[in-house]
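Commentary on secondary and tertiary structure
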Amino acid sequence: VSPVVQIFSLPMDELKTAIELAMITVDPALKEQAMQYCNSIKALPNGWEICLQTAETNQYFLLTSAPEIRFFCFQVLEETLRHRYQSLDQNQRLLLRKTFWKWTAEHLQEKFPYFLKMKLFVLIIVLFKNEYPAAWPTFFDELYEILQGGRTRCIKSFLQICTTIDEEVVCQYIQRSPEELAKNTVIKDTMRDHAIPRLLETWHSIFITYRSNASIAKRCLVLFGLYVSWIDIGLVLKDGFHTTLYECFGNDELKNAACECLGNIVLKGMKPSDKLDLIHGLDVIPFLSNLRIVGDEEFEEQIAKLINNIGMELCDSYENPASTDEEKFRIIAMLDNLFPLLLKYLANEYDDTTSALFPFLSGYLLLLKRVRRMSTQGISNDNLRSLLEVLAIKMKYDEDEEYGMGDGEDESLFMDVRRSLKVHLESISTIDESLFTNCVCDVVCRTFDSWKAGNQSGLKWSDAELAIYLLYGFVEAKVSHGPPVFILENGSVSPLGIMLSKLMESGISEYPHPAVSTIYFEVLIRYAKFFEQRQDLIPIALQSFLDSRGLFHSIKSLRLRVNYLFLRFVKALRPVLARYTESILSVIQVFCVDVAFTCHKA
Amino acid sequence: VQKIDGGKLSEFDSLVYLFEAVGYLISIEEIPEQRRVELLTIALSPSLMRIEAIMSVNDINAIHPTTIGELSDLISSIGAISKGFPDFDASEKGQANSNIWSQPFITTLKGILVVLGRFNVHANIREAVRFALQRMAGCMGPELLEFVPSFLSSGLLSSESAKEIIEFLPFINQMIYKFQVLLIHVALDSQYPSHRVEASTRKNQLLPLSAACWN
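Predicted, not measured: the structure shown is a model, and the values here were computed from it.

1. Some remarks on the overall build of chain B
A tally of helices and strands in chain B yields nine helices and zero strands. When its helices and strands are written in sequence order, chain B yields α-α-α-α-α-α-α-α-α. Going through the 215 residues of chain B one by one, you find that 52% of them count as buried. When contacts within chain B are restricted to residue pairs at least 6 apart in sequence, long-range pairs at least 24 apart make up 72% of them. Of the roughly 10,400 Å² of accessible surface on chain B, 55% is carried by carbon and sulfur atoms.

2. Considering the overall build of chain A
Helix and strand counts for chain A come out as 32 helices and zero strands. Relative to the 2.2 N^0.38 estimate, which gives 25 Å for 602 residues, the radius of gyration of chain A is 34 Å and therefore markedly larger than a compact globule would have. The principal-axis extent of the C-alpha atoms belonging to chain A is close to 100 × 70 × 40 Å. Across chain A, contacts joining residues at least 24 apart in sequence account for 70% of those joining residues at least 6 apart. Put simply, chain A shows about 27,700 Å² of open surface, and 52% of that area lies on carbon and sulfur atoms. Counting 62 positive and 78 negative side-chain charges, chain A places the averaged centre of each group 2 Å from the other.

3. Some thoughts on the pattern of salt bridges
Residue and element names in this part refer to chain A. In the structure shown here, the tally under the stated rule is 36 salt bridges over all chains. One salt bridge in this structure joins Arg 330 and Asp 277, with 3.4 Å as the shortest N-O distance. Taken together, the residues Arg 330 in helix H19 (residues 325-346) and Asp 277 in helix H16 (residues 272-282) connect sequence positions 53 residues apart. Judged by relative accessible area, which is 28%, Arg 330 ranks as partly exposed. Its relative accessible area of 43% is what places Asp 277 among the partly exposed residues. Lys 529 serves as the salt-bridge partner of Glu 532, at 3.2 Å between the closest nitrogen and oxygen. With a relative accessible area of 34%, Glu 532 lands in the partly exposed category.

4. Concerning the side chain of Glu 131 of chain A
With respect to the helices and strands, Glu 131 of chain A occurs in helix H7 (residues 114-131). The residues touching Glu 131 of chain A, leaving out its near neighbours within four places in the chain, are Tyr 85, Arg 93, Arg 97 and Trp 136 of chain A.

5. So, the side chain of Thr 354 of chain A
Residues and elements named next belong to chain A. The topology assignment puts Thr 354 in helix H20 (residues 351-356). Note on Thr 354: relative accessible area 0%, which makes it buried. Within the local environment of Thr 354, its side chain forms a polar contact with the backbone oxygen of Asn 348, the two atoms lying 3.5 Å apart. When neighbours within four sequence positions are excluded, Thr 354 is seen to be in contact with Tyr 345, Leu 346, Asn 348, Lys 394 and Leu 421.

6. Side note on the confidence of the model for chain A
Residues and elements named next belong to chain A. Model confidence for chain A is summarised by a mean pLDDT of 89, while 93% of its residues fall at 70 or above. Across chain A, helix H15 (residues 255-267) holds the top mean pLDDT of 97, while helix H1 (residues 3-6) sits lowest at 38. Predicted confidence for residues 1-9 stays below pLDDT 50, and this span has eleven contacts to residues more than four positions away or in other chains. Note that residues 596-602 has pLDDT below 50 and, in this model, 16 contacts with residues that lie over four places away or in other chains.

7. A short note on a negative patch on the surface
On the surface, Glu 297, Glu 298, Glu 349, Asp 352, Asp 398, Asp 400, Glu 401, Glu 409 and Asp 410 of chain A cluster together to form a negatively charged patch. Where the negative patch is concerned, the elements lending two or more residues are helix H18 (297-319) and helix H23 (409-431) of chain A.

8. Thoughts on the packing of helix H3 (residues 65-83) of chain B against helix H5 (residues 123-140) of chain B
All names here are of chain B. Running from amino to carboxyl end, H3 crosses H5 at an angle of 10°, the nearest separation of the two axes being 8 Å. When the axis of H3 is compared with that of H5, the two are roughly parallel. H5 is crossed by H3, and the crossing has left-handed handedness. Contacts from Ile 68, Gly 69, Leu 71, Ser 72, Ile 75, Ser 76, Ile 78, Gly 79, Ala 80, Ser 82 and Lys 83 in H3 reach Asn 124, Ile 125, Ala 128, Val 129, Phe 131, Ala 132, Arg 135, Met 136 and Cys 139 in H5. Per-class residue counts for the contact of H3 with H5 are twelve nonpolar, six polar and two charged.

How each quantity is defined
Residues numbered from 1 in each chain as written. Chains lettered and ligands numbered in written order. Predicted model: local features only at pLDDT ≥ 70, side-chain atom pairs only at ≥ 80, totals over all residues. Heavy atoms only, no water. Helix = DSSP H or I, 4+ residues; strand = E, 2+ residues; numbered from the N terminus. Buried < 20%, exposed > 50% of the residue type's maximum accessible area, 1.4 Å probe, protein only. Contact = heavy atoms within 4.5 Å. Areas by Shrake-Rupley, 256 points an atom, 1.4 Å probe, with all protein chains shown as cover. Rg over C-alpha atoms; globule rule 2.2 N^0.38 Å. Lys, Arg positive; Asp, Glu negative; His and termini not counted. Charge placed at Lys NZ, Arg CZ, Asp CG, Glu CD. Salt bridge = Lys/Arg side-chain N within 4 Å of Asp/Glu carboxyl O. Polar contact = N/O pair within 3.5 Å; in protein donor to acceptor, adjacent residues only side chain to side chain. pLDDT = per-residue confidence, 0-100. Patch = residues over 30% accessible without salt bridge, like charges linked within 9 Å, V, L, I, M, F, W, Y side chains within 5 Å. Axes fitted to C-alpha atoms, helices over the stretch in contact; angles between N-to-C directions. Parallel < 35°, antiparallel > 145°, perpendicular 65-115°, else oblique. Left-handed = near helix turned anticlockwise from the far one by under 90°. Nonpolar A, V, L, I, M, F, W, Y, C, P; charged D, E, K, R; others polar.

Structure below.
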């Protein structure tokens, strides 16, 4: 026993004092001593008993520090249950069980603070994990007693304990040892046979009765979603439950929870044929197609997640070796029905909503690639074309955001989304390269032509930047992955060559926006070899480098970047620059002369 | 897109790229030889003139730290220009070509040497000189070796900092690798002038290292 413990004659009182001291004292030495004492109690073999009594015996709720004192005691108890449970004898285990239920009853009378309530429920479920089913077969009978209080607090506590069971026994996000997993499997198997039907019936009944109480109804929806993955789905979907769910989509307080619950139902693992029947039986695609949402960002994101789940499940079912040709045919038909929803929510104004659909989009494009490989029929080019257009539009900067301003966090998030969109765009290229080339070429050339035609006030900077950005990424999307081709084997100019010619001839580099200038110079470097074949365009490129668009740009960061890009341009085209050398030097000699001025006096 | 982010560079760090581009442009072979030399002289002269102007100040101790920074940048800019030149070619034709640049660069080296001799206590000056020498070695070839003893005796390695010596090693390495010259002579020349041998006789010779030299 620690010497610190020995100086205290009454551990319970002293523990209380020590916890209070550890919380409130500003004296570091005293705080250290108090904490040392608390830890020594924690380490004692009977420390849990001291904590049980400390939490139990005093009327702590009269004190401001009472919840914290109890919380510490609960922590010690939890640690004992998790790691030293085997050291407890039968009577001690029984004592803990009774005490926990007693405290629960106290909570039902006098509300505990949230953190204390949650910790108490964890204690109950950790004990349940150790005892159920063999040593505590009556657990659920005892749990139902909570409901007899009839008050909403009783119902919420009942539902919360059910949620805690999921966290402690089922939740796959928590790493567990093989022994614990085996134990959890036994618990789930027993629950399926003996507890689940009544639990589901109870939740359904609570849900129906308390539909108007959003707090309770939401907890029920969460529970259906959590448990559906490992229980008989028929128990969840009985009596047309999905219709009730859809009704909740019209309830502002319940719609997000209902949507999430439906998403979890769709995700339940099953054979492809059953999955198709489930999605068909839920009638979810027609329902979502008819859903009208106005200005609800969060709900739209939830819907996008639901569509993603449906789409992913359909794609996975297609890939499943157990799928028959007939089922695959059904899947393609269902995906066709889902496609307008994919398109609609991909095009959503908010990037989080768009991003929620990326897994489905990847799966869908992969599936299209396979289908195309097997047959040229079945997938319409219109779908791919629409997708390309939507992805391209989403790659545009937000015109309302000030470019390069703020802390850069928004722009960095946008760049992440843009990168993902680009990957998907490139996937389309692997499915139908000529369609991709035509679409990109069309968007890019249309933008450059518009600028050249004098529509300079009508063209937004984000459109100009997007066109040059698409041109920049064009070569990465080519299936051949070779160097850029500017002249085709038959001697005609390639689409890339056409776009680059238009880039130079349109004069779009004069667009007075740094985003446009930035990407424009990157394009010149990436496709520098183009100028070996179109040497007549070199003066235009050099001019843009050597004036206020480039080396003399008013924005320092851009100017400095262009210094580097200019070097790369010169290195790449050195053999053909001889005749421009003196003109270039005459412009940039100012930097040689002013190196001191620029760097030390500016 | 941006592998080198302009926003994270200093103004001068970025200008170094521009000076390098100047070197690339001046040394294009299609430009007549005489014109290339003239262009190089024109490109180097603003820096040399500025160095000369600073060094002509009577009270050298009164020179402001900012001016030392300026000198350091001027020397680095010269190094950057020379980096743009093609590498020294050891073939006969190549040597003839490289000799084109000799005069302007030698003039420049002499100017840098004066700065080093006066300001070798400043780490940024020593760093700039190391930078310039390494860049110039690429295009000047063994001719630069003539100057190495002078740079060493002017305090290029006057610091006891291991970092500076380590930074100088690639230069020595470059000399040995590129010009196959036994650099021991350079070291000997700086410490034992009586061992001095004409550079032209050293090329491609590996003279035996005599233990007596070190005694």
